[in-house]
Structures are given as C-alpha cells and as structure tokens.
Amino acid sequence: MLNLSDFLLKTSLKERSRNLIGPVSGSVNLEASWCKHSGNPGLPQSSPKIILDVRCGVLQVFWGQENLNCLNLLNELVQEYLRKESGLGAPSSEQPVLPVSPAVVRPAACKMEHSSDDLRTGLFQYIQDADAQKIPNAYEVVFYNETEDSPGMMLWKYPEPRVLTLVRITPVPFNTTEDPDISTADLGDVLQV
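Residues numbered from 1 in each chain as written. Predicted model: local features only at pLDDT ≥ 70, side-chain atom pairs only at ≥ 80, totals over all residues. Heavy atoms only, no water.

1. Concerning the sheet that holds strand 5 (residues 140–144)
Overall, mixed pairing links the three strands, which are arranged 4-5-6 in an open sheet. Either end of the sheet is taken by a strand with one partner, and the two such strands are strand 4 (125–127) and strand 6 (153–157). Between one strand and the next, the sheet's axes are offset by a mean angle of 20 degrees, whatever the strand orientation. Pairing of strand 5 with strand 6, which is carried by five bridges, proceeds in the antiparallel orientation. When the sheet's bridge partners are listed, Tyr144 is paired in strand 6 with Met153. (Pairing = 2+ DSSP bridges. Helix = DSSP H or I, 4+ residues; strand = E, 2+ residues; numbered from the N terminus. Axes fitted to C-alpha atoms, helices over the stretch in contact; angles between N-to-C directions.)

2. Looking at a nonpolar patch on the surface
Together, Leu2, Leu4, Phe7 and Leu9 make up an exposed nonpolar region whose accessible area comes to about 310 Å². When its relative accessible area of 35% is taken as the criterion, Phe7 is described as partly exposed. (Patch = residues over 30% accessible without salt bridge, like charges linked within 9 Å, V, L, I, M, F, W, Y side chains within 5 Å. Areas by Shrake-Rupley, 256 points an atom, 1.4 Å probe, with all protein chains shown as cover. Salt bridge = Lys/Arg side-chain N within 4 Å of Asp/Glu carboxyl O. Buried < 20%, exposed > 50% of the residue type's maximum accessible area, 1.4 Å probe, protein only.)

3. Side note on the sheet that holds strand 2 (residues 16–33)
For sheets, the rule is that strands pair by backbone hydrogen bonds, running either parallel or antiparallel. Strand order in this open sheet of three strands is 1-2-3, and the pairing throughout is antiparallel. For this open sheet the edge positions go to strand 1 (2–13) and strand 3 (49–56), each flanked by a neighbour on one side alone. Pairwise comparison of adjacent strand axes, ignoring direction, gives a mean angle of 40 degrees for this sheet. With eight bridges joining them, strand 2 and strand 3 adopt antiparallel strand pairing. Across the sheet, Ala32 pairs through a bridge with Ile50, a residue of strand 3. Across the sheet, helix 1 (residues 65–87) touches strand 1 and strand 2, and the angle it forms with strand 1 is around 90 degrees. (Contact = heavy atoms within 4.5 Å.)

Structural data, given as structure tokens:
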C-alpha cells in the first residue's frame, strides 16, 4: 500500500526546472496472490495474480518543449546505458536492440529557438471588425469587436508552429466605450476601487 500526498514530478535541464505531473494526492494498493490459475495445471506456483487499485484526485500534466527535450535526453541516456550493459559497446547481431518509440525520437533538426516579436511592427497586417468566423492567416492580427454574445478579442497567427512562453500587453487594454473618462494613467485607481 502506497499513499502519496502532493506528489510532484519535475523535469530539469540546464538549471531550468519545469513541472511535468502534479501536484497530486492519492493511493496505490497492490495485491499479489500466488495461486494456481485456472487453465494452467502444470505449474503449482507460477506468476502471481495481481490486483492493482489506483486512486487519485485531479492529475495535472504539463507538457512543453523543455519537458520534451529533457525526456528525449533521458531516453537517449537510458538507451546508451542499456547498450553498454548488454554488450559492452556496439550491439551484436545476437543481442536485441531495444526499440525506440517514434514519439520520443529526437528529429535531427530538433532545436530550441527563442524569438521575440512585436505585433505592432514588422510583417503583421491588422484586420479590424472582422467577421466572427474569420481565422487569421499567417502574419495577420484580427480584431473582433465586443458584442452582447462575446467579448472583444485579438487573434494572430505565425507562419510556423510556436510555443508561447510570455505575452506582454502594453498598454493594458480595457473597454472605454462605457466610461470614456478612464485613461491608462487612471487605470490603477479604477482597479483599486
């Protein structure tokens, strides 16, 4: 029987730590009974009959590029260790090579790239009062006006997939149609009221 309280699993690479699973609390109960299984009369005590009961609360899984890089590196290290332990060097034809799951194979061009964009400058085009169903194309910034059914929105699209780690919005946007006397200088006072 194993009880976990606030279990947290993190990945860490180059002194940057990221949550992977948790925190989660729960219990694991494992029962193994060595008995004759029906259909296997030959061996009196073969493999055990196993009952596993796992109970936990909400399980949060965080996934990002840094978690993937860390797990890829860990997979490579384990594969290298297993190759050395099983054959002291290059694998021979008699020793099976451990399969690597395609989901964790590191592509040759896999690298972490950092970029910073300012949507106010560069190649981005602005589209105002867009149709509610319009999805932006690459290098487009689409603004949707506020309606009774939906809030005002701003969507943009890059030409390639990206993982956003920080979005900085300046000045702080707010609706001035209800109170045109509010300015960005007064925003702090308004939020404190």
